[in-house]
Amino acid sequence: MAGISAEQLVLEIGKSSELVAAFQMVAEAEMDGEPKFSPQVCRDLAKAIACRTYAKAVLELCHLVRLADTVAGGAGYEIFFWGAGLARAAGFRAQVLDAARRRGGRIPGLVVGDSGVTVSYPDGSFAVTYGRMPFLSALLEFLITTVGYADADALLRGTLRQGLTLKTISQMANELSRLVYDYLKDHLPTAQNQRKFRRLIDFVAGQAGEDFGPMNIDDAAIFEFWCQESAAMPVEGVDFKTFPAVFKAFVRLRQTLACAADYMAIENARVIGFDREAGEVDPDSILGMIETVDDYRSPLAALEEAPADAIKFLNRREVLALTLLFECGEAAFALPLSLLRCEVFGKGQGQLTQALRRRVGADELRMLIAACAPGTYLERNQDFRDIAVHLRRVLLACLHALARNRDRQAINLVMTLGPDMDFSPLGNLLNVGSAGDDGGGGGNVTVLRTATLSDRFLAAIEDDQRVGPEIARLMGEARRAFRGLSRQGFDDLSLKDGQIAKGYAAGAPILVEVGARLSAFLDLLGRLGLPYGNWDRQYAADKIAFSKQFERLYGGLL
Amino acid sequence: MATWNTLSDGRKAAAGQVFDALSTLDALTDFSADSQISRAVGFADLYAYATEPDRPMDERLQRALASDARLRGDLDRLLENTALYRFPRLAAASSGENDRREGDGFTIRLRQSRAEETQTYVIIEVHPGKEAPSTLFIFGAGHPYGKFPLPAAQDGVIQLLSETSSDLVKALLDVHTEVFIR
Amino acid sequence: MTAVRVYVATTDGPSEIQRIADEDPDVRSVVCLNGTSEALPISGGYDAFVRKPTGVVERLFGHPVFRMDVATRISGGHSWQLPVYAAHALRAAGQLAQRGAPATRVIWLTGTVDSDLRVGPVNHVAEKLRHSQPLFRKLRAEGVPVTVFVPKACADQIPTSEAGDGDDGLAGVEVVLVETAYAVCHNLGLSRIGHGVGKGRPRSGGGNRSRAVLTALIVLAVGMIGAVHWRAEVGTWLGSQPPTENRLNGGQTVAVVGPPAVTPVALGGMSTTVPAPGPSADSSLGFRTPDASTVPTTTPGSKSSAPASVAAVAQVASLPDAGMSPEAQHSPRLAAADVQVSAVEWRAPGGRSCAVAGFGSAGPAEMAIGTVVSGRFAVSSANGLCTAGYRAVNKFTAPVRIWLFAAPIGARKHFVATSSALETHVLGPDEATTVELKLPRWINEPVSHRIIVVATAEADGSSFGWLDQGMAAFGTSFDFGRWSDLRRRIQDNGMVLVSAVHEIIPQ
């Protein structure tokens, strides 16, 4: 195979489309040193772009722009979106309520409510909730970044005229959506993605026959595909150079095939305006499937949103270490070796491409090719285990916090953390089974009032005389775990903060899920049948293979 | 689970669309170290420049405006939308230099200092009923975007003192310069 | 030649006023940094301080717009007003030392100045002085005299320095407490400072025919309602002494004679009871005659009981010299010395009572009391004393309008025979006017008379209605607050104000 020039490699590896740059600008927008838009809002925007489900949002945006100008007293809509800090529901709500207060409690043309604002028109009204405003603000930012302020404003300013109706706003929204459509038509990597899809399908079909399913996408197939395609010349922008890109592509293919059952529902849905013969699917249906897939990563995402984000359960390094595992969803359990290859040798390849971008010398490049990876499978395994241990410690700390706040989540957590403990002492504490409790009908009838029982339990939870030595020991562990963590939210003073208390209540079940998935994966890794028997030998064999491939890809540059 | 060949063409196409959406989602949200995307100048930067009196024209913004016609168009429009007033361009028949600009509710005059001949006063008169501006913007062919924070008005008059050779004075004297006040 | 450098006191250190230049009247006054085009934020305040009607500089010095350059930034507040006023006054006198030029004297000031030229208090005086110590030390080493002007209300902010504490404090620096801006000019010897043109005051000096006729009519009117006693045959009238100051430089004490304040109790000859201010009220009227017993003095190295450094003495300077309108600056200006004030007694001859002495041809005998020394006439014996008279003579080369007022101090109601008297005339050169106060029949305790003379070279009386009304209002009830305002206005208008006390003691 002829070597590829360094410039081509750099271009392909480091290629960033204008669309990606525009989205990144929105996602990285800051106000007063903080991200203007929350991670969830950014992800929702990415989904709306990817699934092309922006039309409804554009309509909402047109109404919001009109609302914004009215709130600003006719001074323009810009100040509503760029002049008042972070794009948060509470912030938008405050702007609207302040404006209403300044005008004696009422803004003509608007009905201001607790959860949103209704814009009045001669032929009806349109409501926008405060909770929706951050997303619409991000959409506007994206619109202006891609289409341009001058063009977008020319249309948006039209919505500010007097005497408009719902119908005319709708027409204006359609025009704006058309602008977005025209932009995305030229910038979405649809053609590339479709070529990529084709290549993957052809490969798997070639390996397993046309009757292939998700189960035919395995570690061996992925590795073989990468070895084959990475050294080939890139064709029409399709990049299979890096192992992580290949791994992700196959994961997505697996997930796509796994959704096949849903396609039947899509086919039967009656959606006007979509060309079923051409294979077009209602964008909202696409979004629905994407949301299902995206849901895998939702526990980690939820930890970054309020109220759980008030507490530093996981730091940045720990979140990054778990991201790929969670994004893969069930595919991680089907492709564990590929996941580890991605985490280990994929990182090594990343270092190589960075070094190429920096135009390092031949010696350093040779060293990186030989080293191949910054760590081993066992070391990566250990990273996961360390995080698992940390998760347990954090959960114990949560237990302490929840118990201190008399939050009933503590009870669930006791059960989760100590499923094998002796709970019999609780029977006496809670008087379960005793006759005459709460004035029941006597005899064997016992009426339990859940609230009373929980409160009683929580009140006694650290008293080993009343809850038994095992539960008391667990609570002691929980207390020590809490005191041993020096992260944000893990101190006695913070426990008095209402937001922190809510953070613990929201975070605890998420952490349980995160811990459960990580434990399950670690368990799988522990009993996985590897081609080379154990992780050491597997690493040694993979190192030779990856090193050889890196030599093919980058050795020509030495 | 269904296999590939059991899917109809329509469903295969749908699968392709789902794959496309997932891949695009990945491309948009993968801000890895491999990415070469550096933070470009965006609308938020233009808005801050146009509306915050103390926000200067930094080198990054200047370079971006110099090389991006669309960005310049965006800034022009933003200034127009957020300005208190845009002075009409002076008539082409005017001589090359003009020490006075009249506008609807505002007048800008230039007056050489008697006490220091190398310096010139820029006087902005705010007519009654008009809001006093806090920033003056100038731009034109020979003068890249200039932004000058204005002191508070006293009895409807804002006064700046500048070197006669300064960009501000030269730009205001130039009939081809456009002037916004905000 | 005198060249005075002016420093504005700031908490970041003193800022030299480098230059003041006339600017185009079409622009606003501006304060610039060190000759650059950087206009300081106080420019707006400076413009208001210059421009009429709010400002005082244009009113006093005529031009409406200036450019002032200062060496270092002055960030805000209004304590720069007093030094700026002083700088303008010095500039008008051609004595402001510009940047780079040598100075024979340095002044350092802080304080606000209102439209009546009263100096108001400011904060952080001690801090400003502390940050100026390097400057003071340097000037002391160079032998340049330094005077620090501080509002009187800030006297307690001036730090004391104990000998031997390692801090040289204000050694060698003269500290002057001021209540009015005029006091600064007085200290600087600027008798010919710019003169404010009062409201309605005509710009052109001198009168025309119509004004002369009007003046004559007013004189006649006053003569009809007032008590006019013009005794051309009255003996020698004594003039007042020019004021001097108490200044402590390097430990030396100079004799103290301060200009007394004025407390007219005015009236136009009506025999009404004058409200009786007590002694404390009397002093609050500002009727001070500083002498060695009232002004603290120190010798070098000794501690002062006043809140001042060892080397400084607190002084209250009050009255200015007469001023003139800018347009009259080149013609002779009326001074206190141009108005001679003297006293005379009328006694019953041969031991008779004053009631009898008025009948027949043997009228009371007239005797000159003597000249005013330090604002006082020689003490008179009440025995046989029927009437005390006070005379003002115009010794100026041009007509002078004079208000002559006399009233007992602390007069009680039972002194029904006592009345206050007011005369207002335009006197030609060497012409005189007199007022008389009858004394009570029985005097068993000391009685003091207060004599006030207000004079102006403006012969046209149409712009002094305020003074006529003001002094006439004191006829029925004396209002200390009103007098205070009137006195300020007299000072602001640069009129001559002379006062004296005459004591009459029983046997």
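Scroll up for the structure.
From a predicted model like this one, the values you see are computed outputs, not experimental measurements.

Reading the values: the criteria
- Residues numbered from 1 in each chain as written.
- Chains lettered and ligands numbered in written order.
- Predicted model: local features only at pLDDT ≥ 70, side-chain atom pairs only at ≥ 80, totals over all residues.
- Heavy atoms only, no water.
- Helix = DSSP H or I, 4+ residues; strand = E, 2+ residues; numbered from the N terminus.
- Buried < 20%, exposed > 50% of the residue type's maximum accessible area, 1.4 Å probe, protein only.
- Contact = heavy atoms within 4.5 Å.
- Areas by Shrake-Rupley, 256 points an atom, 1.4 Å probe, with all protein chains shown as cover.
- Pairing = 2+ DSSP bridges.
- Axes fitted to C-alpha atoms, helices over the stretch in contact; angles between N-to-C directions.
- Phe/Tyr/Trp six-rings, centres within 6.5 Å; stacked < 30°, edge-to-face > 60°.
- Lys NZ or Arg CZ within 6 Å of the ring centre and 35° of its normal.
- Patch = residues over 30% accessible without salt bridge, like charges linked within 9 Å, V, L, I, M, F, W, Y side chains within 5 Å.
- Salt bridge = Lys/Arg side-chain N within 4 Å of Asp/Glu carboxyl O.
- Lys, Arg positive; Asp, Glu negative; His and termini not counted.
- Charge placed at Lys NZ, Arg CZ, Asp CG, Glu CD.
- Buried area = accessible area lost by both parts, 1.4 Å probe.
- Expected span 1.5 Å × (residues − 1).
- Core = buried A, V, L, I, M, F, W, Y, C linked by side-chain atoms within 4.5 Å.
- Nonpolar A, V, L, I, M, F, W, Y, C, P; charged D, E, K, R; others polar.
- Parallel < 35°, antiparallel > 145°, perpendicular 65-115°, else oblique.

Engineer: Explain the overall build of chain C here, please?
Structural biologist: Across its full length, chain C holds 10 helices and 21 strands. When burial is assessed residue by residue, chain C has 54% of its 507 residues classed as buried. For chain C, restricting intrachain contacts to residue pairs at least 6 apart in sequence, the fraction spanning at least 24 positions comes to 80%. Of the roughly 21,000 Å² of accessible surface on chain C, a fraction of 55% belongs to carbon and sulfur atoms.

Engineer: I keep staring at the overall build of chain B and nothing clicks. Help me out?
Structural biologist: Across its full length, chain B holds five helices and eight strands. Considering chain B as a whole, with its 182 residues, one finds that 49% of them fall into the buried category. With an accessible surface of roughly 8,300 Å², chain B has 47% of that area assigned to carbon and sulfur atoms.

Engineer: I'm lost on the sheet that holds strand β7 (residues 157–163) of chain B in this one. Help?
Structural biologist: In a beta sheet, neighbouring strands pair by backbone hydrogen bonds and run either parallel or antiparallel. Residue and element names in this part refer to chain B. The strand order across the open sheet built from four strands is β2-β3-β4-β7, with neighbouring strands paired in antiparallel fashion. Both edges of this open sheet fall to β2 (100–102) and β7, since each of them pairs with a single strand only. Across the sheet, the mean angle separating the axes of adjacent strands is 15 degrees when strand polarity is ignored. Note that strand β4 (residues 119–126) and β7 share seven bridges and pair antiparallel. Along β7, the bridge assignment pairs Thr120 with Ser162.

Engineer: Even after reading the chapter, I still don't get the packing of aromatic side chains, so can you show me in this structure?
Structural biologist: Each aromatic ring pair is summarised here by two numbers: the centre-to-centre distance and the angle between the ring planes. Counting across every chain of the model gives 44 aromatic pairs over all chains. For the ring pair Phe212 of chain A and Trp4 of chain B, a centre distance of 5.8 Å and an interplane angle of 15 degrees mean the geometry is stacked. Of the two residues, Phe212 of chain A is situated in the loop between α10 (190–208) and α11 (219–230) and Trp4 of chain B in the segment before α1 (9–29); the pairing between them involves two chains. Against the face of Phe223 of chain A rests Arg341 of chain A, its NZ or CZ located 4.7 Å from the ring centre. The ring centre of Phe384 of chain A lies 4.0 Å from the NZ or CZ of Arg380 of chain A, which sits over that ring.

Engineer: How should I be thinking about the sheet that holds strand β21 (residues 496–505) of chain C in this particular structure?
Structural biologist: Strand order in this open sheet of five strands is β15-β21-β20-β17-β18 (chain C), and the pairing throughout is mixed. Of all strands in the sheet, those bounded by a partner on one side alone are β15 (380–381) and β18 (421–427) of chain C.

Engineer: So what exactly am I meant to see when it comes to a negative patch on the surface here?
Structural biologist: Together, Glu28, Glu30, Asp32 and Glu34 of chain A line one region of the surface with negative charge. Residue placement: Glu28 of chain A occurs in the loop between α2 (18–27) and β1 (30–31).

Engineer: Would you mind going over the interface of chain B and chain C with me for this structure?
Structural biologist: For an interface, size is often stated in terms of accessible area lost upon the parts coming together. Facing the 16 residues of chain B at the interface are 17 residues of chain C. Both faces considered, chain B and chain C share a buried interface measuring about 1,400 Å² in area, 42% of it formed by carbon and sulfur atoms. Among the residues of chain B in contact with chain C, Arg114, Ala115 and Leu161 of chain B are the three that bury the most area, contributing 34% of the side total. Here chain B and chain C share six salt bridges between them. Measuring nitrogen to oxygen at the nearest pair gives 4.0 Å for the salt bridge that ties Asp24 of chain C to Arg114 of chain B.

Engineer: I would appreciate a short explanation of the environment of Asp492 of chain A in the present structure.
Structural biologist: Residue and element names in this part refer to chain A. Along the polypeptide, Asp492 turns up in helix α26 (residues 492–495). With 91 residues separating them along the chain, Asp492 and Ala401 place their C-alpha atoms 8.5 Å apart. Residues in contact with Asp492, not counting those within four places in the same chain, are His400, Arg404, Phe482 and Arg483.

Engineer: Help me understand the environment of Ser115 of chain A in this model?
Structural biologist: All names here are of chain A. Tracing the backbone shows Ser115 in the loop between β3 (110–112) and β4 (116–121). For Ser115, a relative accessible area of 52% corresponds to the exposed category. As for Ser115 and Gly131, which are separated by 16 residues in sequence, their C-alpha atoms are 7.7 Å apart. Among residues more than four places away in sequence, those in contact with Ser115 are Thr129 and Tyr130.

Engineer: Please explain helix α12 (residues 243–258) of chain A as it appears in this structure.
Structural biologist: A turn of α-helix holds 3.6 residues, and therefore any two residues three or four places apart point the same way. Here α12 of chain A is 16 residues long and its end C-alpha atoms lie 22 Å apart, about the 22 Å a rise of 1.5 Å per residue gives. If you check which residues of α12 of chain A are buried, you get Phe243, Val246, Phe247, Ala249, Phe250, Val251, Arg252, Leu253, Arg254, Gln255, Thr256 and Leu257 of chain A.

Engineer: Looking at this structure, how should I read the nonpolar core?
Structural biologist: For soluble globular proteins, nonpolar side chains are generally found buried alongside one another. All names here are of chain A. One finds Phe247, Phe250, Leu253, Phe313, Leu322, Phe384 and Tyr504 to be the most contacted residues of the largest nonpolar core, which totals 114 residues. Here this core gets 13 residues from one element, more than from any other, and that element is helix α20 (residues 377–404). Once residues lying within four places of it in the same chain are set aside, the contact partners of Phe247 are Ile222, Leu324, Cys328, Leu335, Ser338, Leu339 and Cys342. Counting residues in hydrophobic clusters, the runner-up holds 96 residues, among them Ala22, Leu140, Phe142 and Ile286.

Engineer: It is not clear to me how the interface of chain B and chain A should be interpreted in this structure. Could you clarify?
Structural biologist: Listed by partner, the interface residues are 45 residues for chain B and 71 residues for chain A. Taking both sides of the interface into account, the surface hidden between chain B and chain A amounts to around 5,200 Å²; carbon and sulfur atoms contribute 65%. Taken together, the connections running from chain B to chain A amount to three salt bridges. The shortest N-O distance in the salt bridge between Asp20 of chain B and Arg52 of chain A comes to 4.0 Å. Those elements that place two or more of their residues in the side of chain B that touches chain A are α1, α2 (43–51) and α4 (69–82) of chain B. No other element matches α1 of chain B, which puts 20 residues into the side of chain B that touches chain A. Of the residues assigned to the side of chain B that touches chain A, the class counts are 23 nonpolar, 14 polar and eight charged.

Engineer: Just checking my understanding: could you explain the packing of α12 of chain A against helix α16 (residues 316–328) of chain A for this structure?
Structural biologist: For any two helices packed against each other, one specifies the inter-axial angle together with the distance between the axes. Residues and elements named next belong to chain A. With their axes 10 Å apart at the nearest point, α12 and α16 run at an angle of 30 degrees to one another. Considering the angle they form, α12 stands roughly parallel to α16. From α12, Phe247, Lys248, Val251, Arg252 and Gln255 reach across to α16, where they touch Leu324, Glu327 and Cys328. By residue class, the composition of the contact of α12 with α16 is four nonpolar, one polar and three charged.

Engineer: Looking at this model, I keep getting lost on the pattern of salt bridges. Mind explaining?
Structural biologist: Applying the stated rule across the entire model yields 57 salt bridges over all chains. Its salt-bridge partner being Asp542 of chain A, residue Arg341 of chain A comes within 3.0 Å of it at the nearest N-O pair. Of this pair, Arg341 of chain A sits in helix α18 (residues 336–357) while Asp542 of chain A sits in helix α28 (residues 535–554), and the two are 201 residues apart along the sequence. The residues Arg341 of chain A and Asp542 of chain A share a single accessibility class, namely buried. Between Asp430 of chain C and Lys395 of chain C there is a salt bridge, and its shortest N-O distance comes to 2.9 Å. Here Lys395 of chain C lies in the loop between β16 (385–394) and β17 (400–409) and Asp430 of chain C lies in the loop between β18 and β19 (432–438), a separation of 35 residues in the sequence. Asp430 of chain C sits in the exposed class, given a relative accessible area of 55%. The class of Lys395 of chain C is partly exposed, set by a relative accessible area of 38%. Several salt bridges share partner residues, and in doing so they unite Arg109, Arg111, Arg114 and Glu125 of chain B together with Asp24 and Asp26 of chain C into one network.

Engineer: I keep staring at the pairing of strand β2 (residues 15–22) of chain C and nothing clicks. Help me out?
Structural biologist: Every regular strand shows the same layout, with side chains that alternate between the two sheet faces. Residue and element names in this part refer to chain C. With respect to burial, β2 is a largely interior element, six of its eight residues being buried. As defined by bridge partners, strand β1 (residues 4–8) adjoins β2 across two bridges and the pair is classed as antiparallel. Each bridged residue has a counterpart across the sheet, and for Tyr7 the counterpart in β2 is Glu16. Here β1 folds back onto β2 in antiparallel fashion, the turn holding six residues, of which Gly13 has a positive phi close to 115 degrees.

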